[in-house]
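Read off the chains here:
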Amino acid sequence: MPYTDLSLRLTGRTNLPVLPNHVDIDLTNVCNQDCFYCNSAEFRAKNLITGQTNQYLNLLDQLANWRQHTPKSIGSIRNINFTGGGEPTVHKNIGPIMAHAIDKGFQVTLISNGSKLHRVVEGISKDKVESVAWIGIDVDSANPETYESIRRSLTRDTLYHTVVTNIKMAVDAGFRVDIKGLLMPQNTNEQELNALFEMVSYTGARQLHIRPFVDMDTNKLFEVTEDLKKLIEEIATKHKVKYRLPLGRETGRTYSKCHQMFLYPILAANGDICICCEGRGQKQFLLGNWKNQDIRDLWWGEKHIEIYNSVNTHLCPPCKPNKINNLIQEDIDDPSKLERVVM
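As the structure is a computational prediction, the values presented were derived from the model and not from experiment.

## Considerations on the overall build of the protein chain
Secondary structure assignment for the protein chain yields 13 helices and 12 strands. Computed over C-alpha atoms, the radius of gyration of the protein chain comes to 20 Å, within 12% of the 20 Å expected from 2.2 N^0.38 for 343 residues, which places it in the range of a compact globule. Counting only C-alpha atoms, the protein chain reaches 55 × 45 × 40 Å along its principal axes. The contacts of the protein chain with a sequence gap of at least 6 include a subset with a gap of at least 24, amounting to 76%. Accessible area of the protein chain: about 15,500 Å², with a carbon and sulfur share of 49%. Across the protein chain, the 40 positively charged side chains and the 40 negatively charged ones have centroids separated by 4 Å.

Here it is in structure tokens:
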């Protein structure tokens, strides 16, 4: 289990620093859509930056050589996720940057709106496609009108039709593509859900990945009722389409500190090293700047531990690492569970 090394450290069974398991890299803060729910809109508006290609290549070299830099350490970076920030495919060299990450031995993933996905397809050679674990395309709706009401393209024409074409192109090139959506009042009636599953069938995507929308103003999750779950299952069965509906954010918190801060940094396009998955641009979560500092020197340093100890997770919105945080807390509360390491 990727979090076990961190559990060992937090229970005092080792004093070695634990390398992150996963790193998010933002290639740009520029986006060609203005989704009404975007949690980084204000941050992007203040930092309309696209990073330089050589900076990202050097960063990936650093991440790949972390063990040599810190030989007395445990854990390892398994995955590099290219995301935003802005729309990552806006970066003209996203293909070569992703290819470099693969060459360095990382598994690679991408979260995108799909509008410029051709840059990935054209920039990654066929022998590297298998090292792209998945590409997640956020669409939220397969109804062009609803799509625009949610995602609000900043182009003369809607991006919807381009996105559908690009998904098919990526699938045909051998990429594992998932169509993604946030469940909300606008897209959870039978017609909307049917359209989403039909899009998966039409494009040849691997599956539909849906989860409840989080209102960042109120910290409330959209309620996925039993009736809605039943409707989703019926439509999926009818279309013979796989889907994932993770509801880990709904589970109550058993922890007061966010343990994932040692597993999952976000390296923003302006250089910020953010150790909160929802905290881009928020000073209380900033560890440093990867463009003029070495993240390897900051990891597990005094400031890192200070941020970890200062955050009260009960004030945070429902978040992606909730499940992992709960599992780590189980280890902290009952260290005998760590015997799984040697069983």
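## Quick word on the pairing of strand E6 (residues 207-212)
Across the 6 residues that make up E6, a large majority, 5, are buried. Note: strand E5 (residues 177-183) against E6, 6 bridges, orientation parallel. Paired with Leu-182 across the two strands is Arg-211, which belongs to E6. A crossover links E5 with its parallel partner E6, the connecting element being helix H9 (residues 190-203), and its sense is right-handed. Relative to strand E9 (residues 243-244), E6 runs parallel, the two sharing 2 bridges.

## Regarding the pattern of salt bridges
Inspection of every chain in the model, using the stated rule, returns 13 salt bridges. Asp-26 is paired through a salt bridge with Arg-280; the nearest N and O atoms lie 2.7 Å apart. With Asp-26 in strand E1 (residues 22-26) and Arg-280 in the loop between strand E11 (272-274) and strand E12 (286-289), this residue pair connects regions lying 254 residues apart in the sequence. With respect to burial, Asp-26 and Arg-280 carry one shared label: buried. With a shortest N-O distance of 3.4 Å, Asp-103 and Lys-128 are connected by a salt bridge. Of this pair, Asp-103 sits in helix H5 (residues 94-103) while Lys-128 sits in the loop between helix H6 (118-123) and strand E4 (132-138), placing them 25 residues apart in sequence. In this structure Lys-128 comes out as buried when scored by relative accessible area, which is 15%.

Reading the values: the criteria
Residue positions are given per chain, counting from 1 as you read along its sequence in written order. Two thresholds apply to this predicted model, a pLDDT of at least 70 for residue-level local features and 80 or more for giving and counting side-chain atom pairs, whereas whole-chain, interface and lining totals are computed over all residues. Just so you know, side-chain values use all the structure's heavy atoms and leave hydrogens and water out. A helix here means a DSSP run of H or I that spans at least four residues, while a strand means a run of E at least two residues long, and both kinds are numbered starting from the N terminus. Atoms considered for the radius of gyration are the C-alpha atoms alone. The globule rule reads 2.2 Å times the number of residues to the power 0.38. What makes two residues a contact is simply this: any of their non-hydrogen atoms within 4.5 Å. Accessible areas in this description were obtained via Shrake-Rupley with a 1.4 Å probe; residue shielding takes into account the shown protein chains only. Asp and Glu are treated as the negative residues and Lys and Arg as the positive ones, with His and the ends of the chain left uncounted. Working definition for charges: the position is that of NZ of Lys, CZ of Arg, CG of Asp or CD of Glu. Exposure categories follow from relative accessible area, calculated using a 1.4 Å probe and restricted to protein chains: below 20% of the type maximum is buried, above 50% is exposed, and the middle band is partly exposed. The rule for pairing is simple: two strands pair if DSSP sees at least two bridges between them. A crossover counts as right-handed when, viewed with the strands pointing away from the observer, the path leading from the first strand over the helix to the second turns clockwise. Any carboxyl oxygen of Asp or Glu that lies within 4 Å of a side-chain nitrogen of Lys or Arg is treated as forming a salt bridge with it.

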